[in-house]
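# Examination of the molecular architecture
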There are 2 protein chains.
Amino acid sequence: MTGAVQEWQLFARPVGRPVPGDFRLVERELPPPADGEVSVRNTYLSVDPYMRALMGTTESGDLAYGLGRPMTGGAVGEVVESRAAGLSPGDLVLSDLGWRTGAVAPAARFTALRRVEGVPDSAFLGVLGMPGLSAYAGLTEIAKLREGETVFVSGAAGAVGSLAGQIARLRGAKTVIGSAGSEEKVAYLTGELGFTAAFNYKTGEVRKLLAEAAPAGIDVYFDNVGGDHLEAAIDALTVDGRAALCGAISGYHATEPPPGPRNMIELVKKRLTLRGFEVGDHAGLQPRFADEMGGWLAEGKLTFRETVEDGIGSAVTAFLGLMDGRNTGKMVVRI
Amino acid sequence: MTGAVQEWQLFARPVGRPVPGDFRLVERELPPPADGEVSVRNTYLSVDPYMRALMGTTESGDLAYGLGRPMTGGAVGEVVESRAAGLSPGDLVLSDLGWRTGAVAPAARFTALRRVEGVPDSAFLGVLGMPGLSAYAGLTEIAKLREGETVFVSGAAGAVGSLAGQIARLRGAKTVIGSAGSEEKVAYLTGELGFTAAFNYKTGEVRKLLAEAAPAGIDVYFDNVGGDHLEAAIDALTVDGRAALCGAISGYHATEPPPGPRNMIELVKKRLTLRGFEVGDHAGLQPRFADEMGGWLAEGKLTFRETVEDGIGSAVTAFLGLMDGRNTGKMVVRI
């Protein structure tokens, strides 16, 4: 929106776990929108694990956050002023112009959203947004889940994991197993989300905990964690098993390369497929995803939680909390 | 064949690298063939890396060699006596009744072969047999090689690798890079087999050697080695790259799990696919494979070498030599 906005900038590239001093909150005057531009007031900002990678030096190439430059990320907002066809004041829009209270930008940077009855606007950053599409694409396109299969989801209480487990169930998986980092989260998975079984990975070796939860093995693994979770899943996968690799939060702060799975030979023995993916490649699924997820939401078959932090000032705290697993479901910042 | 045959038996399960004392050569009397059976005199036996796994304890389940039992493996032979329809004395046949000079067994255990002009019978254990089909299936079905791509083959002077590299070239790869374990093998790859570039992995870090040979990265990796080769290939693969995992000779004698690739996060960042396979699942490709490979052979577009050891007594020596990389191309034993 025109006038003063606050925005977060990357001040120093984090080494290991980011600290608050790596970021600074800056006030800026925005010009009025030029021809073809709109001004938007953000109402919800997204913090996501992938942002850690963009804070690194060369790792993410052109996408990396510049030092002393505004950071980007998912945001839901309302059009305040428009000098572009197709967008009017009051319209709900999605953009990647997060980490700030408002923005002035060409209309092409914004996607108009249609509010869904009974669903908060922040859902477009979660269940109906990028995390939802990640879960959906990973299970259906990458892992090619079939009815009757046994699925293991790591980081299952997170934004993507909690949806991956539910989509697996709704798509006909026989057994859905989840891992999470606290007893409370484990109870959430089996109690509210309908996971068949779940375990707290902090209570023992992932390999043993998974073998107990899935004594006959797993057919599909949805990986949000990497590291020992991935190695345990490779052991548990049965012949022709598939793993969709969505992220590896276990290694995001590593300053040394983390140890890799020592059992890669199992890929040959059991003809396994490991496939990494990024949600951006699967925009073509969006209409089918919106239909199917919207339907499940409307029928009350799919539930989701959000962890909401308040105020632009809390964005860094929210991001660091996400990295520490302090969220259940999607972590968002409400402006 | 009826009468006395010699056969190798597994005497002790090897720990680490097998030693000659793990095996014994036994003489046995065979009965005449019963109804529906044939007796066959073997002329060529195959020794292959996968046999190492079958010598292990529980690793290979039902397929593992029994202690004090005859071992199995690919063999080409001639029918001596037949009491089965469809097979007559003098017919050339393929079976898995190797590691022995002859056998009496039901006709269903043998596949009749048609000799190919100018190609030795042993080729049915190599270029026209299981190693050839492995190379063909791995590149076409598993890695889905496309014209104009850059391919890296490890263990490229071996039975499978030497064919994988040539098939890649004949199927339109722009650049084919190979690794091998001696300067002589490297010269063979670029001089005789038409590889674009090759390196001796014993002269430095695989990661660096591969980066020098393929500065713009690789699109497809055909893995016969595992270990540091696989890690280097994951680094070199470009976006949407694919690896076909055929075997991991680097880890076959390991008594401790070998270190895994420390860069699995690249699978997510570059949307890579790693897929293990076993040739037995791709028998359906056999007709297309036989046509295409036979055609290339007839046109002189595809060359192959064999390392031939003589006499049933040399089978264990041949197998151990294979494990040490003393072969160029397919290692066979001539009876």
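Criteria and cut-off values
Residues numbered from 1 in each chain as written. Chains lettered and ligands numbered in written order. Predicted model: local features only at pLDDT ≥ 70, side-chain atom pairs only at ≥ 80, totals over all residues. Heavy atoms only, no water. Helix = DSSP H or I, 4+ residues; strand = E, 2+ residues; numbered from the N terminus. Rg over C-alpha atoms; globule rule 2.2 N^0.38 Å. Buried < 20%, exposed > 50% of the residue type's maximum accessible area, 1.4 Å probe, protein only. Contact = heavy atoms within 4.5 Å. Areas by Shrake-Rupley, 256 points an atom, 1.4 Å probe, with all protein chains shown as cover. Buried area = accessible area lost by both parts, 1.4 Å probe. Salt bridge = Lys/Arg side-chain N within 4 Å of Asp/Glu carboxyl O. Polar contact = N/O pair within 3.5 Å; in protein donor to acceptor, adjacent residues only side chain to side chain. Nonpolar A, V, L, I, M, F, W, Y, C, P; charged D, E, K, R; others polar. Pairing = 2+ DSSP bridges. Axes fitted to C-alpha atoms, helices over the stretch in contact; angles between N-to-C directions. Domains from an automatic or database assignment. Least-squares fit on C-alpha atoms with pLDDT ≥ 70 in both.

## Topic: the overall build of chain A
Regarding its fold elements, chain A presents nine helices and 15 strands. Computed over the C-alpha atoms, the radius of gyration of chain A is 20 Å, within 12% of the 20 Å expected from 2.2 N^0.38 for a compact globule of 335 residues. Once the C-alpha set of chain A is aligned to its principal axes, its extents read approximately 60 × 45 × 35 Å. Every one of the 335 residues in chain A was classed for burial, and the buried ones make up 55%. Excluding contacts between residues fewer than 6 apart, the proportion of contacts in chain A whose partners are at least 24 apart in sequence is 68%. With an accessible surface of roughly 13,600 Å², chain A has 51% of that area assigned to carbon and sulfur atoms.

## Things to note about the interface of chain A and chain B
Reports often express the size of an interface as the amount of accessible area lost when the parts come together. Contacts between chain A and chain B engage 27 residues on the former and 27 residues on the latter. For the pair chain A and chain B, the summed buried area comes to about 2,200 Å², and 59% of that belongs to carbon and sulfur atoms. Three residues stand out in chain A for area buried against chain B, namely A:Arg262, A:Val268 and A:Arg271, and they jointly supply 23% of the buried area on that side. Counting across the chain A and chain B interface gives four salt bridges. One salt bridge in this structure joins A:Arg271 and B:Asp281, with 2.9 Å as the shortest N-O distance. Between chain A and chain B we count five residue pairs in polar contact (both at pLDDT 80 or more) in total. Listed by contribution, the elements that provide at least two residues to the side of chain A that touches chain B are helix 7 (265-269) and strand 13 (273-276) of chain A. Its residues assigned to classes, the side of chain A that touches chain B shows 16 nonpolar, four polar and seven charged. Pairing of strand 13 of chain A with strand 13 (residues 273-276) of chain B, which is carried by three bridges, proceeds in the antiparallel orientation. Across the sheet, residue A:Leu274 finds its bridge partner in strand 13 of chain B, namely B:Leu274.

## Some remarks on helix 9 (residues 315-323) of chain B
Residues and elements named next belong to chain B. For helix 9, the tally of buried residues reaches eight of nine residues, placing the bulk of the element in the interior. Among the residues making up helix 9, those that are buried are Ala315, Val316, Ala318, Phe319, Leu320, Gly321, Leu322 and Met323. Residues of helix 9 that are buried make contact with strand 1 (3-10), strand 2 (23-30), helix 1 (50-54), strand 14 (306-310) and strand 15 (330-334). Two residues or fewer after helix 9 comes glycine 325, characterised by a positive phi angle close to 75 degrees.

## Notes on the sheet that holds strand 12 (residues 237-245) of chain B
Strand order in the open sheet formed by twelve strands is 10(A)-9(A)-8(A)-11(A)-12(A)-13(A)-13(B)-12(B)-11(B)-8(B)-9(B)-10(B), and the pairing between neighbours is mixed. This sheet does not close on itself; its edge strands, each paired only once, are strand 10 (197-200) of chain A together with strand 10 (197-200) of chain B. Neighbouring strand axes in the sheet, compared pairwise and without regard to direction, differ in orientation by 15 degrees on average. The pairing of strand 8 (residues 150-153) of chain B with strand 9 (residues 175-180) of chain B spans four bridges and is classified as parallel. Each residue of the ladder has a partner; that of B:Val153, found in strand 9 of chain B, is B:Gly178. Contacts from helix 4 (residues 183-191) of chain B reach strand 9 and strand 10 of chain B, with the element oriented near 175 degrees to strand 10 of chain B.

## Some thoughts on the domain arrangement of chain A
Residues and elements named next belong to chain A. According to the domain assignment, chain A consists of domain 1 (3-125 + 305-334) and domain 2 (130-280). Each of domain 1 and domain 2 has a C-alpha centre, and these two points are 29 Å apart. In this complex, domain 1 contributes 18 residues to the contact, which on the side of domain 2 involves 13 residues. Of the roughly 1,200 Å² buried between domain 1 and domain 2 on both sides combined, carbon and sulfur atoms contribute 59%. For the domain 1 face of the interface with domain 2, the top three residues by lost area are Arg305, Met323 and Thr328, together amounting to 33%. Viewed at the interface, domain 2 and domain 1 are joined by one salt bridge. Ionic pairing is found between arginine 305 and glutamate 192, a salt bridge with its closest N-O pair at 2.6 Å. At the boundary of domain 1 and domain 2, one finds four residue pairs in polar contact (both at pLDDT 80 or more). Going through the elements one at a time, helix 1 (50-54) and helix 9 (315-323) are the ones with two or more residues in the side of domain 1 that touches domain 2. When the residues that make up the side of domain 1 that touches domain 2 are grouped by side-chain class, the tally is eight nonpolar, five polar and five charged.

## Considering the pattern of salt bridges
Considering all chains together, one arrives at 47 salt bridges over all chains under this definition. A:Glu205 is the partner of A:Lys208 in a salt bridge, and the nearest nitrogen-oxygen pair spans 3.7 Å. We classify A:Glu205 as partly exposed; its relative accessible area is 45%. A salt bridge links B:Asp310 to B:Arg334; the nearest nitrogen and oxygen atoms lie 3.0 Å apart. Of this pair, B:Asp310 sits in strand 14 while B:Arg334 sits in strand 15, and the two are 24 residues apart along the sequence. We classify B:Asp310 as exposed; its relative accessible area is 52%. The exposure class assigned to B:Arg334 is partly exposed, which follows from its relative accessible area of 35%.

## Quick look at the relation of the copies chain A and chain B
The two copies are related by a screw motion: chain A maps onto chain B through a turn of 180 degrees and a shift of 0.0 Å along the axis, at an RMSD of 0.0 Å. What we have between these two chains is a two-fold relation. Of the C-alpha atoms belonging to chain A, the one lying closest to the rotation axis is found on A:Gly260, 2.0 Å away. When you check the interface residues of chain A against chain B, 100% turn up at the interface there too, and the contact is symmetric in its surfaces.

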